Amino acid sequence: AQKVTQAQTEISVVEKEDVTLDCVYETRDTTYYLFWYKQPPSGELVFLIRRNSFDEQNEISGRYSWNFQKSTSSFNFTITASQVVDSAVYFCALTSGTGNQFYFGTGTSLTVIP
Amino acid sequence: EPEVTQTPSHQVTQMGQEVILRCVPISNHLYFYWYRQILGQKVEFLVSFYNNEISEKSEIFDDQFSVERPDGSNFTLKIRSTKLEDSAMYFCASSEWPVSSPLHFGNGTRLTVT
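Residues numbered from 1 in each chain as written. Chains lettered and ligands numbered in written order. Predicted model: local features only at pLDDT ≥ 70, side-chain atom pairs only at ≥ 80, totals over all residues. Heavy atoms only, no water.

Considerations on the overall build of chain B
Then, number 1: When its secondary structure is counted, chain B shows zero helices and 11 strands.
Then, number 2: Put simply, chain B runs from its N terminus to its C terminus through helices and strands in the order β-β-β-β-β-β-β-β-β-β-β.
Then, number 3: Over its C-alpha atoms chain B spans a radius of gyration of 13 Å, differing by no more than 12% from the 13 Å that the globule rule assigns to 114 residues.
Then, number 4: With the C-alpha coordinates aligned to their principal axes, the bounding extent of chain B is approximately 35 × 25 × 25 Å.
Then, number 5: Burial status across chain B gives 46% buried among its 114 residues. (Helix = DSSP H or I, 4+ residues; strand = E, 2+ residues; numbered from the N terminus. Rg over C-alpha atoms; globule rule 2.2 N^0.38 Å. Buried < 20%, exposed > 50% of the residue type's maximum accessible area, 1.4 Å probe, protein only.)

Notes on the overall build of chain A
Then, number 1: Helices and strands together make up the secondary structure of chain A, namely zero helices and 12 strands.
Then, number 2: For chain A, the α and β elements follow one another from N to C terminus as β-β-β-β-β-β-β-β-β-β-β-β.
Then, number 3: In summary, chain A has a C-alpha radius of gyration of 14 Å against a globular reference of 13 Å for 114 residues, a match within 12%.
Then, number 4: The principal-axis extent of the C-alpha atoms belonging to chain A is close to 45 × 25 × 20 Å.
Then, number 5: Expressed as a percentage of its 114 residues, the buried residues of chain A come to 46%.
Then, number 6: Here the contacts in chain A between residues at least 6 apart in sequence split such that 55% fall between residues at least 24 apart. (Contact = heavy atoms within 4.5 Å.)

A look at the interface of chain B and chain A
Then, number 1: Counting residues at the interface gives 20 residues for chain B and 20 residues for chain A.
Then, number 2: Linking chain B with chain A are zero salt bridges.
Then, number 3: Across the chain B-chain A interface, the total number found is seven residue pairs in polar contact (both at pLDDT 80 or more).
Then, number 4: Mapped onto the side of chain B that touches chain A, the elements with two or more residues apiece are strand S4 (31-37), strand S5 (43-50) and strand S6 (53-57) of chain B.
Then, number 5: Ranked by the residues each element gives to the side of chain B that touches chain A, the list is headed by S4(B), at four residues. (Salt bridge = Lys/Arg side-chain N within 4 Å of Asp/Glu carboxyl O. Polar contact = N/O pair within 3.5 Å; in protein donor to acceptor, adjacent residues only side chain to side chain.)

Observations regarding the confidence of the model for chain A
Then, number 1: Looking at chain A as a whole, the pLDDT averages 93, with 99% of positions reaching at least 70.
Then, number 2: Strand S3 (residues 19-21) of chain A holds the highest mean pLDDT among the elements of chain A, 98, whereas strand S7 (residues 59-61) of chain A holds the lowest, 87. (pLDDT = per-residue confidence, 0-100.)

Side note on the environment of Val4(A)
All names here are of chain A.
Then, number 1: Tracing the backbone shows Val 4 in strand S1 (residues 3-5).
Then, number 2: Between the alpha carbons of Val 4 and Ser 109 there is a distance of 16 Å; along the sequence they are 105 residues apart.
Then, number 3: With sequence-adjacent residues up to four places away left out, Val 4 is seen in contact with Cys 23, Val 24, Tyr 25, Cys 92, Ala 93, Leu 94, Tyr 103, Phe 104 and Gly 105.

Some points on the state of the cysteines
All names here are of chain B.
Then, number 1: All chains considered together, the criterion is met by two disulfides over all chains.
Then, number 2: A disulfide bridge connects Cys 23 with Cys 92, and the sulfur atoms are separated by 1.9 Å. Given an S-S torsion of about -65 degrees, the disulfide between Cys 23 and Cys 92 has left-handed geometry. Placement of Cys 23 in strand S3 (residues 19-24) and of Cys 92 in strand S9 (residues 88-95) is noted, with a sequence separation of 69 residues between them. (Disulfide = S-S within 2.5 Å.)

Some remarks on the packing of aromatic side chains
Then, number 1: Applying the stated rule across the entire model yields 28 aromatic pairs over all chains.
Then, number 2: Between the aromatic rings of Tyr33(B) and Tyr35(B), the centroid separation amounts to 6.4 Å while the plane-to-plane angle is 40 degrees, which identifies the pairing as tilted.
Then, number 3: Taking the relative accessible area as the measure of exposure, Tyr33(B) reaches 1% and is therefore buried.
Then, number 4: Residue class for Tyr35(B) comes out buried when judged on its relative accessible area of 0%.
Then, number 5: An aromatic cluster is present here, built from Phe35(A), Tyr37(A), Phe47(A), Phe91(A), Phe102(A), Phe104(A), Tyr33(B), Tyr35(B), Phe45(B), Phe91(B) and Phe105(B) joined pairwise through their rings. (Phe/Tyr/Trp six-rings, centres within 6.5 Å; stacked < 30°, edge-to-face > 60°.)

Some words on the nonpolar core
Inside soluble globular proteins, nonpolar side chains tend to come together where they are buried.
Then, number 1: Trp36(A), Phe77(A), Tyr90(A) and Leu110(A) are the most contacted members of the largest nonpolar core, which totals 23 residues.
Then, number 2: Counting residues per element, the ones that place at least two in this core are strand S2 (10-14), S3, strand S5 (32-39), strand S8 (64-69), strand S9 (74-79), strand S10 (88-96) and strand S12 (108-113) of chain A.
Then, number 3: Per element, the largest residue contribution to this core is four residues, and it comes from S10(A).
Then, number 4: Formed by 21 residues, the second largest nonpolar core is a distinct cluster that contains Val19(B), Phe49(B), Phe65(B) and Ala88(B). (Core = buried A, V, L, I, M, F, W, Y, C linked by side-chain atoms within 4.5 Å.)

Here it is as structure tokens:
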């Protein structure tokens, strides 16, 4: 069975602090894909990143970075020097196998305080 | 950048009525999806659609729901005999390929059943 766990329900940080959002996944498939989505207060779901199970290289995009560790089944997301515009709910998601369903975590609500 | 468009943005209906939510996926995408998000909760898979037929559906997607691609551009979700618990944000999404491609979501239709 596929499952994504985001244990942090809500996080508050002061602007310019770094923050890490945790994501732990479960799957029996050897080929799978992990995603992060951002849902700002306006409600849309914005794709941030995709990572496949064969690529464990960390990725950096501006202030965003992602740490994929198969040994711990984690795909954590770090925002460096957070800004108020980063305030949103962030969802981690997983796909694998022959099905095309995305399994979403319950989301982490990030509030960046000015 | 091409985007998924959904109409209406907000739909209010009385319990027992039928509603049709409309979506225009990205034009070169072949896979279409409906997800829903009850307020403050996780994003849940409803159904995926490819080549004019349902490819996968969840337990939520019972006989009350149906999907259709009536022409070359629109993708619709019909909910018959709506119930109070159908109140949610409904997201349409599309992707180039199943599993590995990210989902591109529309801005959602907020359905309120009174």
